[in-house]
Amino acid sequence: MEYVRLTKDNLESEHICCAISDNKDPQVRSKKAWLSDRLDEGLVFLKAKERGKCFIEYIPAEYAWVPIEADGYLFIDCFWVSGSFKGHGYANDLLNQCIAEGKTQGKQGICVISSTKKRAFLSDPDYLIHKGFRPADTAEPFFTLLYLPLKEDANAPRFKDCAKAPHIDGKGFVILSTAGCPFTAKYVPLIEQVAKEHGIPCKSVLLDTREKAQNAPVAWTTYALFHDGAYVTNEIQSEKKFLALAEEH
């Protein structure tokens, strides 16, 4: 398998692997604009040359859009190998590239937010633990910060206190999100519209700076759905799923 690393020169022409091929799609525009700014901060987006969901995205942890303390680490934003790409060792290739880069840069280690069991939009904890990652910290209701030390004396990373027990003020549904995932550009406004049509109180809050994301009241900032202040899910909702949730609540 050949891999391509995104740069400022090829960002516009390359596919970003999330099953969206049209550069005019607002999801693609949003994600690529976000990526362009992060490339200057050391973000790496490495993907299969062939189109499909086979890529890893990582960044120096001090620039990560999540509430963690992980000085000297690389943080994996997203790691996705699916469909026909599974079972060929491509996940190992991508992860090994991240590890090699961490060693070259003299990093303390690699860290990633996962969960107590496999969940949508989060990296598979079983695979990562098999590859040597260890639990470093936890945050309610199910988030686990995993890390792979690259130095014997590496300090384990941790979640910030603000993210340990997710809660916000206010009634109704509230969606916190970033532009780090292209799907939020489509589904956040879609859910707002669906909620309006059904008379369901719902608003969205875009975490549009790194500082906001790093001090968020929840561990996973890409997408966080709350209801009456309580955390509900990290899973980006379709219209059908949201309406089912609204009925439950």
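How each quantity is defined
Residues numbered from 1 in each chain as written. Predicted model: local features only at pLDDT ≥ 70, side-chain atom pairs only at ≥ 80, totals over all residues. Heavy atoms only, no water. Pairing = 2+ DSSP bridges. Helix = DSSP H or I, 4+ residues; strand = E, 2+ residues; numbered from the N terminus. Axes fitted to C-alpha atoms, helices over the stretch in contact; angles between N-to-C directions. Contact = heavy atoms within 4.5 Å. Buried < 20%, exposed > 50% of the residue type's maximum accessible area, 1.4 Å probe, protein only. Disulfide = S-S within 2.5 Å. Core = buried A, V, L, I, M, F, W, Y, C linked by side-chain atoms within 4.5 Å.

Peer 1: Please provide a residue-by-residue account of the sheet that holds strand β5 (residues 73–81), values included.
Peer 2: Strands sit in the order β1-β2-β3-β5-β6-β8-β7 across an open sheet of seven strands; the sheet is mixed. At either margin of the open sheet sits one strand with a lone partner, and together these are β1 (3–5) and β7 (134–139). With strand direction ignored, the average angle separating the axes of adjacent strands in the sheet is 25°. Taken strand by strand, helix α1 (residues 26–39) contacts β2 (44–48), β3 (54–60) and β5, and its axis lies near 45° from that of β3.

Peer 1: Talk me through the environment of Phe183; I want residue IDs and the actual numbers.
Peer 2: Note on placement: Phe183 falls in helix α4 (residues 183–197). Sequence spacing of Phe183 and Gln27 is 156 residues, and the spatial spacing of their C-alpha atoms is 6.0 Å.

Peer 1: Now, about unusual backbone geometry: what can you tell me, with residues and values included?
Peer 2: Glycine aside, a negative phi is what most residues show, and trans is what most peptide bonds show. Cis geometry is adopted by the peptide bond preceding Pro141, which originates at Glu140 and carries an omega value of -5°. For Pro141, the position within the fold is in the loop between β7 and β8 (143–149). If you check the backbone angles, Phe121 has positive phi at about 75° while not being a glycine. Tracing the chain through its elements places Phe121 in the loop between β6 (109–115) and α3 (125–130). By relative accessible area, which is 37% here, Phe121 ends up partly exposed. The backbone phi angle of Asp228 is positive, close to 50°, even though this residue is not glycine. Of note, Asp228 is situated in the loop between β12 (223–227) and β13 (230–233).

Peer 1: Break down the state of the cysteines for me, citing the residues and quoting the values.
Peer 2: Evaluated as defined, the whole model comprises zero disulfides. Cys98 supplies the cysteine sulfur nearest to Cys111, a cysteine that is in no disulfide, at a spacing of 9.4 Å. Looking at Cys111, the relative accessible area reads 0%, which means it is buried.

Peer 1: I'd like to hear about the nonpolar core, residue by residue, with values.
Peer 2: In this structure, Leu35, Ile68, Phe75, Cys111, Ile113, Phe143 and Phe159 are the most contacted members of the largest nonpolar core, which totals 41 residues. Of all the elements in the fold, those that place two or more residues in this core are α1, β3, β5, β6, β8, β10 (173–177) and β12. Each residue touching Phe75, except ones within four places of it in the same chain, is listed here: Glu57, Tyr58, Ile59, Ala61, Ala64, Val66, Ile68, Cys111, Val112 and Ile113. Core analysis: the second largest hydrophobic core is formed by 23 residues, Cys54, Phe79, Leu94 and Leu95 among them.

Peer 1: Run through the pairing of β2, naming residues and quoting values.
Peer 2: In terms of residue burial, β2 counts as a mostly covered element, since five of its five residues are buried. Where β1 meets β2, three bridges bridge the pair, whose relative direction is antiparallel. Across the sheet, the residue bridging to Arg5 is Leu46, located in β2. Here β2 pairs with β3 via four bridges, running antiparallel. Note that in β3 the partner of Val44 across the bridge is Tyr58. Counting the residues in the hairpin turn of β2 and β3 gives five residues, including Gly52, whose phi is positive at 150°.

Peer 1: Account for the sheet that holds strand β11 (residues 202–206), naming residues and giving values.
Peer 2: With respect to topology, four strands assemble into an open sheet ordered β11-β10-β12-β13, the strand pairing being mixed. The open sheet is flanked by β11 and β13, the only strands paired with a single partner. Strand-to-strand, the axes of this sheet are offset by a mean angle of 30°, without reference to chain direction. As defined by bridge partners, β12 adjoins β13 across three bridges and the pair is classed as antiparallel. By the bridge assignment for β13, Leu225 is matched with Thr233. On the sheet, α4 packs against β10, β11 and β12 and is oriented at approximately 155° with respect to β11. Contacts between helix α6 (residues 239–248) and the sheet are confined to β10, β11, β12 and β13, with β10 contributing the most and set at about 135° to the helix.

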